[in-house]
Amino acid sequence: MARTLINVPQKAKRGEVIAIKTLISHVMETGFRHDNMGKAIPRDIITSFVCTYNGEEIFRAALHPAIAANPFITFHTVATESGTIAFRWTGDNGFSQDASAKITVG
Amino acid sequence: MSGPARLSIFAAPLLLAALVSAGAEIALNERRSAYDDMSRDNKAMQDDDTSNPGMLAVLDGEALWAAKAGASGKSCADCHGGAKASMKGVAARHPSFDASAGRPVNLEQRINTSRVQHQQASPFAYESKEMLALSAYVAMQSRGEPIAPPDDPRLKPFLDRGRAQFNQRQGQLNLSCGQCHDDNWGKSLAGNTVPQGHPTGYPIYRLEWQGLGSLQRRLRNCMIGMRAESYAYGAPEYVDMELYLMWRARGMKVETPAVRP
């Protein structure tokens with residue numbers, strides 16, 4: 001299981017622009033490297049990141065081999081209603097990790 | 001391996017007198033963490049626990065602290081309780097003298113001693129994910145605490161040996177640690193600022209490594225840079241040097257898990 005760290009403000013005013021920060025532990029092995037025996041190390045990366053706000057997709061990113069280990073993704077959205085902001089990372093070898101955070105909009 | 005090591009012990013005092021130019025220790029009030037030389041972005045990464053990638057390992061370490069291990073079926077927490085209280089300040093006073101070993105041991109060795117003797121589990125390998133995670137979790141409990149090397153007379157000969165190693169020229173480049181980190185800190189080396197070399201935040205998350213690494217990994221790095229033969233992980237030479245570095249950084253605040261470029 002991958003570790004995740006999520007930073008979403010617990011409270012926000014309606015219409016406020018909020019910053020969302022996400023961090024996940026992942027090796028992001030590029031697939032371009034070779035081990036000591038000259039054997040290629042197979043690619044193992046996160047390929048997709050999706051954020052939904054009460055079920056509606058608000059942000060999506062495609063990740064590629066040049067992205068460093070433990071990808072940190074930060075973006076902004078407008079706080080529209082109270083509810084759940086959910087995150088899903090998917091990648092090679094069936095990798096899938098979920099995380100979520102609650103937000104109260106007043 | 002043991003050849004140069006033995007040489008360093010016996011030849012150090014002679015070489016010191018002959019070879020070290022300035023070798024003055026940095027005045028206590030002039031000491032600074034390499035944190036102060038980082039970019040604003042890197043500082044922000046370290047300061048925010050939800051953007052500091054070292055915290056991912058700390059979460060792993062927290063799980064290891066509570067996980068039962070070995071034939072004893074005990075976890076760290078079963079004996080020590082909550083790490084927040086029991087491990088506060090522990091990293092700040094390591095390496096410390098271990099009576100059964102008859103010499104100082106660093107935090108990693110202390111963790112492994114506990115694993116073998118009390119948990120009856122196999123020791124973690126140096127630089128393994130587990131060792132880095134658990135040592136990061138333990139060391140983080142000292143965050144903000146001043147580095148406080150134990151005032152233990154039994155440590156004196158090892159501290160002196162560490163200091164001698166620090167000031168001894170070595171490797172094909174014929175450099176000592178002190179020539180960069182005492183005499184030329186703040187100047188540039190290949191575009192980087194030469195730090196004073198205080199071990200305030202280990203294990204650190206180094207962006208260049210894309211992962212966490214121990215102080216000994218960092219020391220290896222420097223020795224390879226000097227084209228000197230590095231020691232094996234856990235070698236007494238490294239622990240003596242760690243002891244001297246912690247003494248040199250006494251009173252500075254622990255930053256674990258620090259982020260460094």
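Residues numbered from 1 in each chain as written. Chains lettered and ligands numbered in written order. Predicted model: local features only at pLDDT ≥ 70, side-chain atom pairs only at ≥ 80, totals over all residues. Heavy atoms only, no water.

A separate point is the interface of chain A and chain B. The partner chain B presents 13 residues to the 13 residues of chain A that form the contact. Here chain A packs against chain B, burying approximately 1,000 Å² in sum over the two surfaces, 61% of which is carbon and sulfur. Broken down residue by residue, the surface that chain A buries against chain B is led by Arg3(A), Leu5(A) and Leu23(A), which jointly contribute 51%. The interface formed by chain A and chain B contains 2 salt bridges. Arg3(A) serves as the salt-bridge partner of Asp60(B), at 2.6 Å between the closest nitrogen and oxygen. Inspection of the chain A/chain B interface yields 5 residue pairs in polar contact (both at pLDDT 80 or more). Only strand S1 (4–7) and strand S3 (17–24) of chain A provide two or more residues apiece to the side of chain A that touches chain B. Class assignment of the residues belonging to the side of chain A that touches chain B gives a composition of 7 nonpolar, 4 polar and 2 charged. (Contact = heavy atoms within 4.5 Å. Buried area = accessible area lost by both parts, 1.4 Å probe. Salt bridge = Lys/Arg side-chain N within 4 Å of Asp/Glu carboxyl O. Polar contact = N/O pair within 3.5 Å; in protein donor to acceptor, adjacent residues only side chain to side chain. Helix = DSSP H or I, 4+ residues; strand = E, 2+ residues; numbered from the N terminus. Nonpolar A, V, L, I, M, F, W, Y, C, P; charged D, E, K, R; others polar.)

Residues and elements named next belong to chain B. Along the chain, His94 connects to Pro95 via a cis peptide bond; the corresponding omega equals -5°. On the secondary structure map, Pro95 appears in the loop between helix H5 (83–86) and strand S1 (96–98). Omega for the peptide link from Thr256 to Pro257 comes to -5°, which places this bond in the cis form. Following the sequence through the fold, Pro257 ends up in the loop between helix H11 (236–248) and strand S7 (259–260).

What follows deals with the packing of helix H10 (residues 215–225) of chain B against H11(B). All names here are of chain B. Running from N to C, H10 and H11 point in directions that differ by 100°, and their axes come no closer than 11 Å. For the element pair H10 / H11, the angle class is roughly perpendicular. Taken together, the residues of H11 that come into contact with H10 (itself represented by Leu215, Gln216, Leu219, Arg220 and Met223) are Tyr238, Val239, Met241, Glu242 and Leu245. Per-class residue counts for the contact of H10 with H11 are 7 nonpolar, 1 polar and 2 charged. (Axes fitted to C-alpha atoms, helices over the stretch in contact; angles between N-to-C directions. Parallel < 35°, antiparallel > 145°, perpendicular 65-115°, else oblique.)

Residues and elements named next belong to chain A. Alternating residues of strand S8 (residues 96–105) divide into Gln97, Ala99, Ala101, Ile103 and Val105, all buried, and Ser96, Asp98, Ser100, Lys102 and Thr104, none buried. Sheet analysis places strand S2 (residues 11–12) next to S8, joined by 2 bridges and oriented parallel. Looking across to S8, one finds that Ala12 is bridged to Val105. Direction of pairing for strand S7 (residues 83–91) relative to S8: antiparallel, over a ladder of 8 bridges. Each residue of the ladder has a partner; that of Gly83, found in S8, is Ile103. Hairpin remark: S7 followed by S8, antiparallel, with 4 residues in the connecting loop; positive phi at Asn93, about 55°. (Buried < 20%, exposed > 50% of the residue type's maximum accessible area, 1.4 Å probe, protein only. Pairing = 2+ DSSP bridges.)

Residues and elements named next belong to chain B. Overall, the coordinates contain 20 salt bridges over all chains when judged by the stated rule. Put simply, Lys129 and Asp60 hold a salt bridge, and the shortest N to O gap is 3.4 Å. Here Lys129, found in helix H7 (residues 129–140), pairs with Asp60, found in helix H3 (residues 54–66); they are 69 residues apart in sequence, far enough to count as distant. Assessed through its relative accessible area of 61%, Lys129 is described here as exposed. For Arg248, the salt bridge is made with Asp182, and the minimal N-O distance between the two is 2.8 Å.

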